[in-house]
Amino acid sequence: MDRTQLLLMGLPLFLFISDLFQLFTPPPQKSTSSDHHYHQPPPVIQQQQPQTLEFPTTTQKSGGNGNTVSIDFCSSCSYRGTAVTMKNMLDSQFPGVHVVLANYPPPLPKRLLGKVVPVFQFGVIGLVMAGEQIFPRLGFAVPPPWFYQLRANRFGTMATTWLLGNFFQSMLQSSGAFEVYVNGEPVFSKLKENRFPGEIELIDLVGRRIANSRVVDGLGASSLL
């Protein structure tokens, strides 16, 4: 076996082992305040004076003029940079408008298949490692011939299964979406247009929808009067 074959075999095995360490390594525990001993001076008791409670107005709660722009994008498709750029542009063009970024999840069938892929990965790896004990418990006196073919190159089989599984899982997690909403109403959809919005186009769409919402609010306020 030459160096090229060793490299091709070693790289997938290294990735497989690193994924296993990340999967089974517990998260670090947060240090509590009791772990640190600091000598603090005794608190100084001050006479508290009555204060009036100030409640935020409706304008402060809703972020300026009460308009909200939501950008739902596919985080696994590397669309975050485009979403942040659009958010900064809208913040500068429409001061006071609250711009929210969120992940757009894939459809339900893709999410279900994405949960099946890890089970398939561990199933194939477990079958290759301990198939001689598993098949008798399943009612097979002798393992099938394809098991010995997989067992002949066990490390290549496990590395291929792990890499292909990760590839399919990343495809199943992607939605390809970049949806823009103003006050809950859609103004642009990449799923329908099959493209990203232009900066001038997005400013025009958001500006029109905000202007329409102001007109509707004005009419509603005048009708109450």
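Scroll up to find the structure this text is about.
This one's a predicted model, so the numbers in the text were calculated from it and none came from an experiment.

Engineer: I keep staring at the overall build of the chain and nothing clicks. Help me out?
Structural biologist: Secondary structure summary: the chain contains 8 helices and 4 strands in total. Listing every helix and strand of the chain by position from the N terminus yields α-α-β-α-β-α-α-α-β-β-α-α. When each of the 225 residues of the chain is scored for burial, the buried share is 24%. The long-range share in the chain, meaning contacts at least 24 apart out of those at least 6 apart in sequence, stands at 68%.

Engineer: When you look at the sheet that holds strand β4 (residues 185-189) in this model, what are you seeing that I'm missing?
Structural biologist: Think of a sheet as strands paired side by side through backbone hydrogen bonds, with each pair either parallel or antiparallel. Ordered in space as β2-β1-β3-β4, the 4 strands form an open sheet in which the pairing is mixed. The sheet is open, and its two edges are formed by β2 (98-103) and β4, each paired on a single side. Ignoring strand direction, the axes of neighbouring strands in this sheet form an average angle of 20°. Pairing of strand β1 (residues 68-73) with strand β3 (residues 178-182), which is carried by 5 bridges, proceeds in the antiparallel orientation.

Engineer: I keep staring at the packing of helix α4 (residues 108-137) against helix α6 (residues 154-173) and nothing clicks. Help me out?
Structural biologist: Angle between the axes and distance between the axes are the two parameters that describe a pair of packed helices. Running from amino to carboxyl end, α4 crosses α6 at an angle of 175°, the nearest separation of the two axes being 9 Å. Taken together, the axes of α4 and α6 are roughly antiparallel relative to one another. Touching K110, L113, G114, V117, P118, Q121, F122, V124, I125, V128 and M129 of α4 are R154, T157, M158, T161, W162, G165, N166, Q169, M171 and L172, all from α6. Classifying every residue of the contact of α4 with α6 gives 12 nonpolar, 7 polar and 2 charged.

Engineer: Would you explain the pairing of β2 in this entry?
Structural biologist: Regular strands show a simple pattern: their side chains alternate between the two faces of the sheet. For β1 and β2, the ladder comprises 6 bridges, and the chain directions are parallel. Residue F73 lies in a different strand from β2, and its bridge partner there is N103.

Engineer: What's the story with the environment of S75 in this structure? I'm lost.
Structural biologist: By the secondary structure assignment, S75 is in the loop between β1 and α3 (80-93). Look at S75 and you get partly exposed, because its relative accessible area is 36%. Taking the C-alpha atoms as reference points, S75 and N103, 28 residues apart in sequence, are found 5.8 Å from one another. When residues no more than four places from it in sequence are discounted, the contact partners of S75 are R80 and N103. A polar contact of 3.0 Å, which involves the side chain of S75, links it to the side chain of N103.

Engineer: Looking at this structure, how should I read the state of the cysteines?
Structural biologist: Where two cysteines share a covalent bond between their sulfur atoms, that bond is called a disulfide. If you walk through the whole model with that rule in mind, you get 1 disulfide. Paired by a disulfide, C74 and C77 hold their sulfur atoms 2.2 Å apart. Disulfide C74-C77: torsion about the S-S bond near 65°, hence right-handed. Taking the relative accessible area as the measure of exposure, C74 reaches 1% and is therefore buried.

Criteria and cut-off values
- Per-chain numbering applies: the sequence of each chain, read as written, is numbered from 1 onward.
- For this predicted model, a pLDDT threshold of at least 70 governs which residues receive local features, and a threshold of 80 or more governs which side-chain atom pairs are given and counted, while totals over whole chains, interfaces and linings are taken from all residues.
- Calculated side-chain values reflect all of the structure's heavy atoms, with hydrogen atoms and water omitted.
- Counting from the N terminus, the helices are the DSSP runs of H or I reaching at least four residues and the strands are the DSSP runs of E reaching at least two.
- Only protein chains enter the accessibility calculation, which uses a 1.4 Å probe; a residue is then buried when its area is under 20% of its type maximum, exposed when over 50%, and partly exposed in between.
- Note on contacts: a residue pair qualifies if any of its non-hydrogen atoms lie within 4.5 Å across the two residues.
- Only strands joined by at least two bridges in the DSSP assignment are considered to pair.
- Between N-to-C directions, angles span 0 to 180 degrees; the directions come from axes that are lines fitted to C-alpha atoms, helices contributing only their stretch in contact.
- Oblique is the label for every angle not falling under 35 degrees (roughly parallel), over 145 degrees (roughly antiparallel), or within 65 to 115 degrees (roughly perpendicular).
- For this classification, the nonpolar set comprises Ala, Val, Leu, Ile, Met, Phe, Trp, Tyr, Cys and Pro, the charged set comprises Asp, Glu, Lys and Arg, and every other residue, Gly included, is treated as polar.
- Residues adjacent in sequence count toward polar contacts only when both atoms are side-chain atoms; beyond that, a polar contact is any pair of N or O atoms within 3.5 Å, and within protein one must be able to donate a hydrogen and the other to accept it.
- Two cysteine sulfur atoms form a disulfide, by the criterion used here, when they sit within 2.5 Å.

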